[in-house]
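Survey of secondary and tertiary structure
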Amino acid sequence: MAASRKNVKILPNEAKVVETLTLLVEERAKEAISSRGTFTIGLSGGSMAKFLCSGLPTISTDWSKWKLFFCDERLVPFGDNDSTYKVYKENLIGKVALKLDQIIAIDPSMSVIEAADDYANKVKAAFPGNELPCFDMLMLGMGPDGHTCSLFPGHKLLEEKKLIIAPISDSPKQPPCRVTMTIK
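Residues numbered from 1 in each chain as written. Predicted model: local features only at pLDDT ≥ 70, side-chain atom pairs only at ≥ 80, totals over all residues. Heavy atoms only, no water.

When helices and strands are counted, the protein shows four helices and six strands. Secondary structure elements of the protein, listed N to C terminal, follow the sequence α-β-α-β-β-α-α-β-β-β. In terms of overall size, the protein behaves like a compact globule, its C-alpha atoms giving a radius of gyration of 16 Å where 184 residues would be expected to give roughly 16 Å. Its C-alpha atoms give the protein principal-axis dimensions of about 40 × 40 × 35 Å. Within the protein, the fraction of its 184 residues that count as buried is 42%. If you sum the accessible surface of the protein, you get close to 10,300 Å²; carbon and sulfur atoms cover 54% of it. Of the charged side chains in the protein, 23 are positive and 22 negative; the average position of the first set lies 4 Å away from that of the second. (Helix = DSSP H or I, 4+ residues; strand = E, 2+ residues; numbered from the N terminus. Rg over C-alpha atoms; globule rule 2.2 N^0.38 Å. Buried < 20%, exposed > 50% of the residue type's maximum accessible area, 1.4 Å probe, protein only. Areas by Shrake-Rupley, 256 points an atom, 1.4 Å probe, with all protein chains shown as cover. Lys, Arg positive; Asp, Glu negative; His and termini not counted. Charge placed at Lys NZ, Arg CZ, Asp CG, Glu CD.)

This is how it looks when you write it as C-alpha cells:
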C-alpha cells in the first residue's frame, strides 16, 4: 500500500492565507483550461468567500473559461446579506472578466426542495455524460461547529446516499432552508 501524502500549511496571517489560496486556484485554473478548455470551481461562503474575493482579482487567467458553482447556498433572495451569490457577484463581477451567466446559482424563488432539484439539474447539465460531477476544485471552509457546505455534525443529511444536491430545511444555523452538495 502506498503511503498517503499530506500537505498541511500553517500560515502566519490572513494575507498569507489569501495569497496561498489564490495561487493554488490560479495554478489549478491554468491546468484545467490548458487540458480541457474550461475550469469548474465550487465555492463556499463565509471566510472562504472573503479570502477568494480578496485574492482572485489579482490572478492571471482566462476568465471566459470559468464556471462557478456553489457548494451550498442559503435559500434567501440574491440581495440578502446571507446570500453567498451576492458576495461573489458584488466582489468579482466588474472586477474580473466574469459574466453573470458563468455563475451557476440556485433559484431562490422556489421552495427548498424545488431549488435543490433545479440546482441538481443545472449541475448535471454542466457535466454531461457523468453520473457524478467532477469539479476541478471545491473550495470548502469549515464553520466553528464543524459544518462544511450545509452538512452539520450529527444531521441526518450526512446519511444521504442518493442525491448529489440536497435540500435542508432544518439547518441548525440560520437561515434554516439551504441547498447543499452532499458527500454521496
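Picking up after the structure, the text goes on.
Here we take up the sheet that holds strand 5 (residues 165-168). The strand order across the open sheet built from three strands is 3-6-5, with neighbouring strands paired in antiparallel fashion. At either end of the open sheet lies a strand with only one pairing partner, and these are strand 3 (72-74) and strand 5. Ignoring strand direction, the axes of neighbouring strands in this sheet form an average angle of 20 degrees. Where strand 5 lies against strand 6 (residues 178-181), four bridges are found, and the strand directions are antiparallel. Residue pairing in the sheet places Pro167 in a bridge with Val179 of strand 6. Contacting strand 5 and strand 6, helix 4 (residues 112-126) crosses the sheet at an angle of about 165 degrees to strand 5. (Pairing = 2+ DSSP bridges. Axes fitted to C-alpha atoms, helices over the stretch in contact; angles between N-to-C directions. Contact = heavy atoms within 4.5 Å.)

Right, let's get into the sheet that holds strand 4 (residues 137-138). If you walk across this open sheet you meet the three strands as 2-1-4, and the pairing is parallel. The sheet is open, and its two borders are formed by strand 2 (66-70) and strand 4, each paired with just one other strand. Two strands pair when backbone bridges link them, and strand 1 (residues 39-43) and strand 2 are joined in this way by five bridges, in the parallel orientation. By the bridge assignment for strand 2, Leu43 is matched with Phe70.

What follows covers the state of the cysteines. The full count for this structure, using the stated rule, is zero disulfides. Distance from the sulfur of Cys71, which forms no disulfide, to the nearest cysteine sulfur (Cys149) is 4.8 Å. Since its relative accessible area comes to 1%, Cys71 is described here as buried. (Disulfide = S-S within 2.5 Å.)

Before going further, it helps to examine unusual backbone geometry. With an omega of -10 degrees, the peptide bond running from Gln174 to Pro175 counts as cis. Position of Pro175 relative to the elements: it lies in the loop between strand 5 and strand 6. For Cys149, which is not glycine, the phi dihedral falls at a positive 50 degrees. Inspection of the secondary structure puts Cys149 in the loop between strand 4 and strand 5.

So, about the packing of aromatic side chains. Throughout the structure, instances matching the rule amount to eight aromatic pairs. Residues Phe39 and Trp66 carry aromatic rings whose centres are separated by 4.7 Å and whose planes lie at 70 degrees to one another, so their mutual orientation is edge-to-face. Of this pair, Phe39 sits in strand 1 while Trp66 is found in strand 2, placing the two residues 27 residues apart along the sequence. Each of the two residues, Phe39 as well as Trp66, counts as buried. Ring plane angle 80 degrees and centroid distance 5.0 Å describe the contact between Phe69 and Phe135, whose orientation is recorded as edge-to-face. (Phe/Tyr/Trp six-rings, centres within 6.5 Å; stacked < 30°, edge-to-face > 60°.)

Before going further, it helps to examine the environment of Thr20. Among the secondary structure elements, Thr20 is positioned in helix 1 (residues 14-36). Owing to a relative accessible area of 24%, Thr20 belongs among the partly exposed residues under this scheme. It is 26 Å that separates the C-alpha atoms of Thr20 and Leu100, two residues lying 80 residues apart in sequence. If sequence neighbours within four positions are ignored, Thr20 has contacts with Lys9 and Leu11. Separated by 2.8 Å, the side chain of Thr20 and the backbone oxygen of Lys16 make a polar contact. (Polar contact = N/O pair within 3.5 Å; in protein donor to acceptor, adjacent residues only side chain to side chain.)

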